[in-house]
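Remarks on the overall topology
Letter by letter, the chains look like this.
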Protein chains: 2
Amino acid sequence: MPDLTHASRPATVTVEALDEHGARREVAIAGEHALTVYVDKQELLTLMTLGGAPEALAIGYLRNQRLVESIDDIVSVHVDWEVSAVAVKTRAGLVDLEGRTARRTKTTGCGQGTVFGDLMEDVERIRLPRGATLARSTLYDLLDRVRTHDTIYKQSGAIHGCALATNAPGRSEILYFVEDVGRHNAVDAIAGMMWLDGVDGSDKIFYTTGRLTSEMVIKAAQMSVPFLVSRSGLTQMGHDIADKVDMTMIGRASNRHYLLFTGGHRFRPDE
Amino acid sequence: MPDLTHASRPATVTVEALDEHGARREVAIAGEHALTVYVDKQELLTLMTLGGAPEALAIGYLRNQRLVESIDDIVSVHVDWEVSAVAVKTRAGLVDLEGRTARRTKTTGCGQGTVFGDLMEDVERIRLPRGATLARSTLYDLLDRVRTHDTIYKQSGAIHGCALATNAPGRSEILYFVEDVGRHNAVDAIAGMMWLDGVDGSDKIFYTTGRLTSEMVIKAAQMSVPFLVSRSGLTQMGHDIADKVDMTMIGRASNRHYLLFTGGHRFRPDE
């Protein structure tokens, strides 16, 4: 287990604004902080983040970019907001950094638009568990829990949320709920938490408030999660990739409404 | 004036989905296409885009990353969707590409998360026109026009929109309205259109459906636009930068509601 700091930043700050009546109002807005990632004393990149889970974010970023292969490769993750930096120490350096950084793809994702290397090539190799199923009652339980979850979004807007949830008949409990100014930061932080806690994605549900673009689908697939649920819509490439990796993807999900787009063989509408 | 193709892609495609009643529905979803940018035959990066204005997007991307200094530096922009590529030919190459790519910042923006070089350093040098003013009646006229604008969002969701609009007393006309799966693509495409048409930003209003993060504020400032209006909220760093460059920034704007956050000296609530 890596040695970690626990250096969250406050989620919101209050600023003054004038409303349409000319009245002075105190408005909570989401924090946004630069966090430069150093790996083995080399600068890798700067993330802009809400700062709620910076250690898990750094770990999940390295995981989702496939720059480290296992949590055991990470010795320590130390965040120091005084210098807006997170120092990651690895056991044996990063995986093929030069090859991965040679091809940059700016994706439609928020937050971490760039994907090092070519994740698309990896998609071909992903196999999601075919036997897992999701009952409609479980989906509805998850949507209820997400709705009543206390969120920074409700205070400040301008933020994306992601959750990883369990999948039992009629019951879906939220294991992690992460919000960030960049949607991909939220996904990456959850990937980091899963590694830290030894949580496997193959029997879980991934929920996001954000759009299902190519990059979101790829990240969920990399975490082996067969069920991807979004309150929002999806894009053509998100749809195509979900179809290709045979992911069960549900969009426009809120209250008792949803659209099942792909992987319908895992969905049980009558349970 | 550069030699241009005009190679838009269809904005939406139709896919099948099952709704909560088990009924089969045809759903319009936003297109998402990879577009690899080659400059003088060298691969620069791959953008994921709706593909509505790929030539303006490529030009605006190079402009906003300050890789070209003037539209006159661009000889031609040719899009070929068969190979998912846009070939840009310049008169004299890109500005300091190595220096700019050395420092990568992943920002909270959608679409083009990475900013080459360090845009933040440039912020110090930006001076927005102090004399420009915006009347409340003009703001309301803009919000009315945006609301009634026929959008891809209304069909498919999963998309961000940006507009550049004029600013006359009580009247604001939309000059450009661009939607894309990445919010920053929409901003960049507008920057490209402004260059192509010789449109100056210093007397205009920039409207976005998306969140006002650091990167959005920086891009609007780089285009010399003093008025930034969003339907959504803002982040702490977006607020700080708008304050620093003295931009008039209005958030949560729809119907007859808004919050004026910064640059209030340019706003005329009684006009």
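Sequence order sets the numbering: in each chain, residues are counted from 1 along the sequence as written. Chain A is the first chain written and ligand 1 is the first ligand written, with later ones labelled in order. Per-residue local features are limited, in this predicted model, to residues with pLDDT of at least 70; the limit for side-chain atom pairs, both in listing and counting, is 80 or more; totals at the level of whole chains, interfaces and linings are taken over all residues.

Each helix and strand in chain A was counted, giving 8 helices and 17 strands. Here exposure depends only on C-beta density: within 10 Å of a residue's C-beta, 20 or more other C-beta atoms make it buried, 12 or fewer make it exposed, and intermediate numbers make it partly exposed, the C-beta atoms being placed from the backbone. Considering chain A as a whole, with its 271 residues, one finds that 52% of them fall into the buried category. In chain A, the share of contacts with a sequence separation of at least 24, taken over all contacts with a separation of at least 6, comes to 58%. Numbering of helices and strands runs from the N terminus; a helix is a DSSP stretch of H or I covering at least four residues, while a strand is a stretch of E covering at least two. Here, residues touch in the contact sense if the C-beta positions derived from the backbone fall within 7 Å of one another.

With that settled, consider helix α1 (residues 54-64) of chain B. Residue and element names in this part refer to chain B. Within α1, 11 of the 11 residues are buried, which leaves the element mostly enclosed by the surrounding structure. The complete set of buried residues in α1 reads P54, E55, A56, L57, A58, I59, G60, Y61, L62, R63 and N64. Just downstream of α1, R66 is the residue with a positive phi angle, here 55 degrees.

Attention now moves to the domain arrangement of chain A. Residue and element names in this part refer to chain A. Residue ranges labeled as domains rest on an automatic or database domain assignment. The domains assigned to chain A are domain 1 (3-119) and domain 2 (134-268). Each side of the interface is counted separately: domain 1 has 28 residues, and domain 2 has 31 residues. Counting only elements with at least two residues in the side of domain 1 that touches domain 2, the list comes to β3 (24-30), β5 (42-49) and α1 (54-64). Examining the composition of the side of domain 1 that touches domain 2, we find that 7 residues originate from one element, α1, more than from any other. In the scheme used here, Gly and all other residues not listed as nonpolar or charged are polar, with Ala, Val, Leu, Ile, Met, Phe, Trp, Tyr, Cys and Pro taken as nonpolar and Asp, Glu, Lys and Arg as charged. Grouping the amino acids of the side of domain 1 that touches domain 2 by side-chain chemistry returns 16 nonpolar, 10 polar and 2 charged.

A separate point is the sheet that holds β3(A). A sheet is described by the order of its strands in space; here 8 strands give the open sequence β3(A)-β2(A)-β16(B)-β15(B)-β14(B)-β13(B)-β11(B)-β12(B), paired in mixed fashion. Edge strands, defined here as strands with exactly one partner in the open sheet, are β3 of chain A together with β12 (174-180) of chain B. This sheet shows a mean twist of 30 degrees between the axes of neighbouring strands, independent of strand direction. Pairing between two strands is assigned when DSSP locates at least 2 bridges connecting them. In this sheet, strand β14 (residues 227-230) of chain B lies alongside strand β13 (residues 205-208) of chain B in parallel orientation, the contact comprising 4 bridges. Among the inter-strand pairings, T208(B) is bridged to a residue of β14(B), identified as S230(B). Note on method: axes are straight lines fitted to C-alpha atoms, helices fitted across the in-contact stretch only, with angles between N-to-C directions ranging 0 to 180 degrees.

In this section: the pairing of strand β14 (residues 227-230) of chain A. Residue and element names in this part refer to chain A. Where burial is concerned, the two faces of β14 agree: the one with F227 and V229 and the one with L228 and S230 are both buried. A clockwise course of the path from the first strand over the helix to the second, judged with the strands pointing away from the viewer, identifies a crossover as right-handed. For the handedness criterion, the β-α-β arrangement of strand β13 (residues 205-208), helix α7 (residues 214-222) and β14 is classed as right-handed. As paired elements, β14 and strand β15 (residues 248-254) share 3 bridges and run parallel to each other. By the bridge assignment for β15, V229 is matched with I250. At this point the chain moves from β14, through helix α8 (residues 236-244), to the parallel β15, and the crossover so formed is right-handed.

A few words now on the environment of K244(B). Residues and elements named next belong to chain B. Relative to the assigned elements, K244 resides in helix α8 (residues 236-244). C-beta crowding within 10 Å serves as the criterion here: with 14 such atoms nearby, K244 is assigned to the partly exposed category. Along the sequence, K244 and R127 sit 117 residues apart, while their C-alpha atoms lie 9.8 Å from each other.

Residues and elements named next belong to chain A. Confidence in the prediction of chain A, expressed as mean pLDDT, is 88, and 90% of residues score 70 or more. Scored from 0 to 100, pLDDT records how confident the predictor is in each individual residue. Ranking the elements of chain A by mean pLDDT puts strand β9 (residues 114-116) last with 41 and strand β6 (residues 74-80) first with 98. Counted against residues more than four places away or in other chains, residues 106-117, with its pLDDT under 50, gives 75 contacts.

All names here are of chain A. Packing of α1 against helix α6 (residues 183-197) brings their axes to within 6 Å, and their N-to-C directions diverge by 95 degrees. Classified by the interaxial angle, the pair formed by α1 and α6 is roughly perpendicular. When α1 is examined against α6, the residues A56, L57, I59, G60, Y61, R63 and N64 are found in contact with a partner set consisting of N185, D188, A189, I190, A191, G192, M193, W195 and L196. Looking at the contact of α1 with α6, its residues break down into 10 nonpolar, 4 polar and 2 charged. Any angle between 65 and 115 degrees counts as roughly perpendicular, while under 35 counts as roughly parallel, over 145 as roughly antiparallel, and the rest as oblique.

In a beta sheet, neighbouring strands pair by backbone hydrogen bonds and run either parallel or antiparallel. Read across the sheet, 8 strands follow the order β12(A)-β11(A)-β13(A)-β14(A)-β15(A)-β16(A)-β2(B)-β3(B) without closing on themselves; strand pairing throughout is mixed. Among the strands making up the open sheet, the edge pair consists of β12 (174-180) of chain A together with β3 (24-30) of chain B. The average angle at which neighbouring strand axes cross in this sheet is 30 degrees, direction not considered. Sitting on the sheet, α6(A) touches β11 (160-165), β12 and β13 of chain A, and the angle it makes with β12(A) is about 145 degrees.

With that settled, the discussion passes to the environment of R125(B). Mapped onto the elements of the fold, R125(B) is located in the loop between α3 (119-123) and β10 (134-135). With 7 C-beta atoms packed within 10 Å, R125(B) lands in the exposed category.

Let us look at the packing of α7(A) against α8(A). When two helices pack together, their arrangement is captured by the angle between the axes and the distance separating the axes. Residues and elements named next belong to chain A. For the pair α7 and α8, the least separation of the axes is 7 Å and the interaxial angle reads 25 degrees. With respect to each other, α7 and α8 are oriented roughly parallel. Seen from α7, the contacting residues are S214, M216, V217 and I218; seen from α8, they are M237, G238, I241 and A242. Of the residues belonging to the contact of α7 with α8, the class tally is 6 nonpolar, 2 polar and no charged.

Moving on, we get to α6(A). Residues and elements named next belong to chain A. Between its first and last C-alpha atoms α6 spans 22 Å; for 15 residues at 1.5 Å apiece the expected length is 21 Å, and the two agree. For α6, the tally of buried residues reaches 13 of 15 residues, placing the bulk of the element in the interior. Just beyond α6, the residue with positive phi is G198, at close to 65 degrees. Every helix has an expected span of 1.5 Å times one less than the residues it contains.

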